[in-house]
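# Overview (structure and organization)
The chain contents come next:
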There are 2 protein chains.
Amino acid sequence: MKIDVKKCAALLKEQDNILILTHAHPDGDTLGCGFGLCRALLKAGKKARVINSDEIPSKYCYLYGDLPKYDFAEDYIVAVDVATENLLGDLSQVYAGKIDLCIDHHGTNTEYAKYLLLEERASVCELMYDVIRELGVEIDARIADCLFTGISTDTGCFRYASVTPATMRIAAELMEKGADNAYINRLMFETKTKTYARLERLVLEGMEFFCGERVAVICVTQKMYAQTGSNEQETEPLAPMTRQIEGVEIGITLREKPDGTCKASIRTFESVNAARLAKFFGGGGHPQAAACRFDCGIDQAKKMIVEKCGELLK
Amino acid sequence: MKIDVKKCAALLKEQDNILILTHAHPDGDTLGCGFGLCRALLKAGKKARVINSDEIPSKYCYLYGDLPKYDFAEDYIVAVDVATENLLGDLSQVYAGKIDLCIDHHGTNTEYAKYLLLEERASVCELMYDVIRELGVEIDARIADCLFTGISTDTGCFRYASVTPATMRIAAELMEKGADNAYINRLMFETKTKTYARLERLVLEGMEFFCGERVAVICVTQKMYAQTGSNEQETEPLAPMTRQIEGVEIGITLREKPDGTCKASIRTFESVNAARLAKFFGGGGHPQAAACRFDCGIDQAKKMIVEKCGELLK
């Protein structure tokens, strides 16, 4: 059942012992709104904790490092920034079909939760700002850091077409509440490990163009991780680079998993719907940023997705 | 004489036939506030035009492409985003000592103009927003595009420590007035020519580290331009990349000029004052972004600047 911010806050006020689920391969938005909501609920006198199926990259530790480890039997389950239950990763085996409330911004949300607060804002953190205010919790510097992180990371630091005046004003409010914008943006956008820098160069060197140079594809293989000392956790900044070459309308990043299968991240501009392309292969996402998985290796996946690109660009 | 926004607007209201000077090797901020002011003055019924010593990179053509070519004898000369007269390039031979008004945000401004409006805002465009409002001119979509361009480019798209809540709110206002943030940010930050992409890879491959890896240096030579088909106009995005490697506190970009001498762009974080380092070599700028010129070749310049870095980091 679709609900609004007011109803969402009212539901949360009624509950205690709240478990917050974030999506697998976590990013700044799912973690930022997860821990932002968790902190707000703790401030409101409730028990709450955030879980994820994967290891959380260490650069996000400022979001949660100081939080107490609460152990409690959950009475209420909330998923944030999770468009479909299978994006929960291993957690879906335990929680699929049991989610009470979902707060999301993906137009492709499958409405799997009992209640769904869905607004196609630039990030879920932008929406969470409204929820927390409606909860009546005063936003402090730690909550502000969490929400700013999601707003900034999901918009490529206020770069993408999804940014609205409201996005900018909420970011301004969060900075006034104490969000350390300089620290967060430096950490998220201006800090590369040497191993990642090596991987980036190696991957970009291998960029291939298809469909009259309107499609760019990069591949990240297990061998490349071994060669550079890098790992999958570091690869988040690669996907946006695929659509940066002049004339490219679809940018695809294929990442090989340890089992030889692969995942594709798709980035497009207005001319192509990335979520539609991802959907052909069972994935989903946003109009300009989407993802899907393949049961085959990189070479075959590349062939299949490039073929589909050719059809879409016709 | 230092003046405030009110006095600056009052001075401009009294004048007509206004020539606006922008700095050599122009960037989004000097061009954005130059053409933004020019458009506002034209709207106020005055004659105005913008000039630059160098060719303006074609990606900025949306700032001025529709403006009429005004030819008039100038009665009033305004410099925008120009910290010292020698930054005017060849224009300084004609206009040095004759500048009536300077609008700037560099703490290192040498107060060469008769009147100086100086506020250390994140960009001059942010300050120009206040000036244009004080002029009583309604900001339209074209002016908004100009001002948004400078705010966005001078902050690395709202990324740097110089961004304040006011920066974000003014950007929100400009978006509401019609600034095409998605187009501008895509063009400025998400569009690489293939020639530039090749140059970037070549340059980053040669990155060297000094002073216990706290200093990173990249060199851009004339030979590299020839090898990749790129040119100096495209090199603006390189400088910020030098400080992105974990642990690096000073990033230096050395660009060889056709005559064999070179220029250095310096980027730092809070621990080192970039303007102070540039000043040793006769340059200037901001605490975290500065520049200077060398009369020698790249190798000698590198030796000299790295030595000075070593002293500063002690």
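Refer to the structure above for everything that follows.
Quantities reported herein were computed from a predicted structural model and do not represent experimental measurements.

Thresholds, definitions, all that
Residues numbered from 1 in each chain as written. Chains lettered and ligands numbered in written order. Predicted model: local features only at pLDDT ≥ 70, side-chain atom pairs only at ≥ 80, totals over all residues. Heavy atoms only, no water. Helix = DSSP H or I, 4+ residues; strand = E, 2+ residues; numbered from the N terminus. Rg over C-alpha atoms; globule rule 2.2 N^0.38 Å. Contact = heavy atoms within 4.5 Å. Areas by Shrake-Rupley, 256 points an atom, 1.4 Å probe, with all protein chains shown as cover. Lys, Arg positive; Asp, Glu negative; His and termini not counted. Charge placed at Lys NZ, Arg CZ, Asp CG, Glu CD. Least-squares fit on C-alpha atoms with pLDDT ≥ 70 in both. Phe/Tyr/Trp six-rings, centres within 6.5 Å; stacked < 30°, edge-to-face > 60°. Buried < 20%, exposed > 50% of the residue type's maximum accessible area, 1.4 Å probe, protein only. Salt bridge = Lys/Arg side-chain N within 4 Å of Asp/Glu carboxyl O. Pairing = 2+ DSSP bridges. Axes fitted to C-alpha atoms, helices over the stretch in contact; angles between N-to-C directions. Polar contact = N/O pair within 3.5 Å; in protein donor to acceptor, adjacent residues only side chain to side chain. Core = buried A, V, L, I, M, F, W, Y, C linked by side-chain atoms within 4.5 Å. Parallel < 35°, antiparallel > 145°, perpendicular 65-115°, else oblique. Left-handed = near helix turned anticlockwise from the far one by under 90°. Nonpolar A, V, L, I, M, F, W, Y, C, P; charged D, E, K, R; others polar.

What follows concerns the overall build of chain A. For chain A, the helix and strand inventory stands at twelve helices and twelve strands. Taking 314 residues into account, the globule formula puts the C-alpha radius of gyration at 20 Å, and chain A, at 19 Å, falls close to it. Based on the C-alpha atoms only, the size of chain A along its principal axes is roughly 55 × 40 × 35 Å. At a minimum sequence separation of 6, the contacts of chain A that also span at least 24 residues come to 66%. Of the accessible surface of chain A, which amounts to about 12500 Å², a share of 48% is contributed by carbon and sulfur atoms. Counting 38 positive and 46 negative side-chain charges, chain A places the averaged centre of each group 1 Å from the other.

A few words on the relation of the copies chain A and chain B. For these two chains of identical sequence, chain A goes onto chain B by a turn of 180 degrees and a shift of 0.0 Å along the axis, with RMSD 0.0 Å. The transformation relating the two chain copies, once decomposed into turn and shift, fits a two-fold axis. Here 100% of the interface residues in chain A have copies in chain B that are interface residues too; the copies meet face to matching face.

Take the packing of aromatic side chains next. Using the criterion set out here, one finds ten aromatic pairs over all chains in the structure. Ring centres of Phe 148 of chain A and Phe 158 of chain A lie 5.9 Å apart, and the angle between their planes is 55 degrees; on these two criteria the pair is classed as tilted. Separated by ten residues along the polypeptide, Phe 148 of chain A in helix α5 (residues 141–154) and Phe 158 of chain A in the loop between α5 and α6 (165–176) bring together distant segments of the chain. The exposure classification of Phe 148 of chain A matches that of Phe 158 of chain A, with both residues buried. The interplanar angle of 80 degrees and the centroid separation of 6.3 Å between the aromatic rings of Phe 158 of chain A and Phe 158 of chain B together place this pair among those described as edge-to-face. Of this pair, Phe 158 of chain A sits in the loop between α5 and α6 while Phe 158 of chain B is found in the loop between α5 (141–154) and α6 (165–176), placing the two residues in two different chains. Across this residue pair, the class does not change: Phe 158 of chain A and Phe 158 of chain B are buried. Three or more aromatic residues link up through ring pairs in this structure, and these residues are Phe 148 and Phe 158 of chain A together with Phe 148 and Phe 158 of chain B.

This paragraph deals with the pattern of salt bridges. In total, this model carries 44 salt bridges over all chains according to the counting rule given. Across the salt bridge formed by Glu 200 of chain B and Lys 192 of chain B, the nearest N and O atoms sit 3.0 Å from each other. Classification of Glu 200 of chain B as buried rests on a relative accessible area of 5%. Taken together, the shared-partner salt bridges in this structure form one network comprising Glu 119, Arg 121, Glu 126 and Asp 130 of chain A.

Attention now goes to the sheet that holds strand β4 (residues 76–80) of chain A. All names here are of chain A. Read from one edge of the open sheet, six strands run β1-β6-β5-β4-β2-β3, paired in parallel fashion. Edge positions in the sheet fall to β1 (2–3) and β3 (48–51), since each has one partner strand and no second. Judged from the three bridges that link them, β4 and strand β5 (residues 101–104) form a sheet pairing that is parallel. Of the residues in β5, the one forming a bridge with Val 80 is Ile 103. Along the sheet, helix α2 (residues 28–43) contacts β2 (18–21), β3, β4 and β5; its crossing angle with β3, the most-contacted strand, is approximately 165 degrees.

Of the residues lining the interface, 37 residues belong to chain A; the matching set on chain B comes to 37 residues. Between the two partners, chain A and chain B, sit twelve salt bridges. The partner of Glu 190 of chain A in a salt bridge is Arg 243 of chain B, with the nearest N and O atoms 3.3 Å apart. One can count 23 residue pairs in polar contact (both at pLDDT 80 or more) joining chain A with chain B.

Moving on, we come to the side chain of Ser 265 of chain B. All names here are of chain B. Inspection of the secondary structure puts Ser 265 in strand β9 (residues 262–268). The exposure class assigned to Ser 265 is buried, which follows from its relative accessible area of 7%. In terms of polar contacts, Ser 265 uses its side chain to reach the side chain of Arg 255, at 3.2 Å. The residues contacting Ser 265, other than those within four sequence positions of it, are Ala 239, Gly 251, Ile 252, Thr 253, Arg 255, Ala 290 and Ala 291.

Residues and elements named next belong to chain B. The two faces of strand β11 (residues 289–294) differ: Ala 290, Cys 292 and Phe 294 on one face are buried, but Ala 289, Ala 291 and Arg 293 on the other face are not. As defined by bridge partners, β9 adjoins β11 across six bridges and the pair is classed as antiparallel. Residue pairing across strands places Ile 266 opposite Ala 290, the latter belonging to β11. Note: strand β10 (residues 284–285) against β11, two bridges, orientation antiparallel. Bridging from a neighbouring strand, Gly 284 pairs with Ala 291 of β11.

This part is about the environment of Gln 15 of chain B. Residue and element names in this part refer to chain B. When you line up the elements, Gln 15 lands in the loop between α1 (5–14) and β1 (18–21). Residues Gln 15 and Asp 29 lie 14 residues apart in sequence; the distance between their C-alpha atoms is 24 Å. Residues within four places of Gln 15 in sequence aside, it is in contact with Lys 46 and Tyr 76.

With respect to the helices and strands, the residue Arg 159 of chain B is situated in the loop between α5 and α6. A residue is classified by how much of its surface remains accessible, and Arg 159 of chain B, at 12% relative accessible area, is buried. There is a polar contact of 3.0 Å between the side chain of Arg 159 of chain B and the side chain of Glu 190 of chain A. For Arg 159 of chain B, the residues in contact, after removing those within four places along its chain, are Cys 157, Arg 159, Asn 185, Phe 189 and Glu 190 of chain A together with Gln 244 of chain B.

Residue and element names in this part refer to chain B. Taking strand neighbours across the sheet as the criterion, the five strands line up as β2-β1-β3-β4-β5 in an open arrangement whose pairing is parallel. Every interior strand has two partners, whereas the edge strands, β2 (48–51) and β5 (115–118), have only one. Direction aside, the axes of adjacent strands within the sheet are offset by 20 degrees on average. Of the strands in this sheet, β1, β2, β3 (76–80) and β4 (101–104) are in contact with helix α2 (residues 28–43), which crosses β2 at around 165 degrees.

Let us look at the nonpolar core. Ile 103 of chain A together with Ile 103 of chain B are the most contacted members of the largest nonpolar core, which totals 118 residues. Setting aside residues no more than four positions away along its own chain, Ile 103 of chain A makes contact with Cys 8, Leu 37, Val 78, Ala 79, Val 80, Asp 81, Leu 117, Val 124, Leu 127 and Met 128 of chain A.

Time to look at the packing of α2 of chain B against α5 of chain B. All names here are of chain B. Where α2 meets α5, the closest approach of the two axes is 8 Å, and the angle between their N-to-C directions is 160 degrees. Taken together, the axes of α2 and α5 lie roughly antiparallel to each other. Considering the relative orientation of α2 and α5, their crossing is left-handed. Counting all contacts with α2, which are made through Gly 28, Asp 29, Gly 32, Cys 33, Phe 35, Gly 36, Arg 39, Ala 40 and Lys 43, the residues of α5 involved are Arg 142, Ile 143, Cys 146, Leu 147, Thr 149, Gly 150, Thr 153 and Asp 154. Residue classes in the contact of α2 with α5 are distributed as six nonpolar, six polar and five charged.

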